[in-house]
Amino acid sequence: MLDIEQAAKLAQRFLDERAGPGVTPLALVEGERTQVGAVFYFDCQSDAYLRSGDFRDMAIGVGHVAVDGETGKCSMLGAVESAELDLF
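Source: prediction; values computed, not measured.

> Help me understand the pairing of strand β3 (residues 62-68) in this model?
Every regular strand shows the same layout, with side chains that alternate between the two sheet faces. Of all seven residues that make up β3, five are buried, and the element is covered over most of its length. Here β3 runs beside strand β4 (residues 74-78); their pairing, made up of four bridges, is antiparallel. Note on β4: the bridge partner recorded for V65 is M76. Two successive antiparallel strands, β3 and β4, enclose a turn made up of five residues, where G72 displays a positive phi of approximately 80°.

> Before we go on, may I ask you to explain the sheet that holds β4 in this structure?
Hydrogen bonds along the backbone pair up the strands of a sheet, which may run parallel or antiparallel. The antiparallel open sheet is built from four strands, whose spatial order is β1-β2-β3-β4. Among the strands making up the open sheet, the edge pair consists of β1 (26-36) and β4. Adjacent strand axes in the sheet meet at a mean angle of 30° when their direction is disregarded. Along the sheet face, helix α1 (residues 4-18) touches β1, β2 (39-46), β3 and β4 and points at about 140° away from the line of β1.

> It is not clear to me how α1 should be interpreted in this structure. Could you clarify?
Owing to its 3.6 residues per turn, the α-helix brings residues three or four apart onto one side. Compared with the 21 Å implied by 1.5 Å per residue over 15 residues, the 21 Å span of α1 between its first and last C-alpha is a close match. Taken together, the buried positions of α1 are occupied by A7, A8, A11, F14 and L15. Buried residues of α1 fall within an arc of 120° about the axis and therefore sit on the same side. More than 90 degrees from the buried face of α1, the exposed residues found are K9 and E17. Residues of α1 that are buried make contact with β1, β2, β3 and β4.

> I would appreciate a short explanation of the side chain of Q45 in the present structure.
Position of Q45 among the secondary structure elements: in strand β2. Within polar-contact distance, the side chain of Q45 engages the backbone nitrogen of A59 at 2.5 Å. The contact partners of Q45, leaving out residues within four places of it in the chain, are P25, L26, A27, V29, L50, M58 and A59.

> Help me understand the environment of V29 in this model?
Following the sequence through the fold, V29 ends up in strand β1. Look at V29 and you get buried, because its relative accessible area is 19%. When the C-alpha positions of V29 and F42 are compared, they lie 7.4 Å apart, and in sequence the two are 13 residues distant. Excluding residues within four positions of it along the chain, V29 makes contact with D43, C44, Q45 and L50.

> Even after reading the chapter, I still don't get the environment of L10, so can you show me in this structure?
Among the secondary structure elements, L10 is positioned in helix α1. With 56 residues separating them along the chain, L10 and A66 place their C-alpha atoms 9.9 Å apart. The residues contacting L10, other than those within four sequence positions of it, are L2, V67, G72 and C74.

About the thresholds
Residues numbered from 1 in each chain as written. Predicted model: local features only at pLDDT ≥ 70, side-chain atom pairs only at ≥ 80, totals over all residues. Heavy atoms only, no water. Buried < 20%, exposed > 50% of the residue type's maximum accessible area, 1.4 Å probe, protein only. Helix = DSSP H or I, 4+ residues; strand = E, 2+ residues; numbered from the N terminus. Pairing = 2+ DSSP bridges. Axes fitted to C-alpha atoms, helices over the stretch in contact; angles between N-to-C directions. Contact = heavy atoms within 4.5 Å. Expected span 1.5 Å × (residues − 1). Arc of directions from axis to C-beta. Polar contact = N/O pair within 3.5 Å; in protein donor to acceptor, adjacent residues only side chain to side chain.

What follows is the structure, encoded as structure tokens:
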């Protein structure tokens, strides 16, 4: 079983790999993480917004990153699915 720090590294690597031309780079939001059962959840937001705090830099419609604590498999949840979990 992964610990939360190992899962956070996998989650950020997952976000980094998703970034490409025309894709807004995302980063984990400090302190917005939790574990439910064997799954770790991390809130994320655009790099630009986390640096500036300017709402115009926000990534809209982004959900949480989920990391399976057993396999390390990462996935991006939808915004609605993330809101329904009410984790943060």
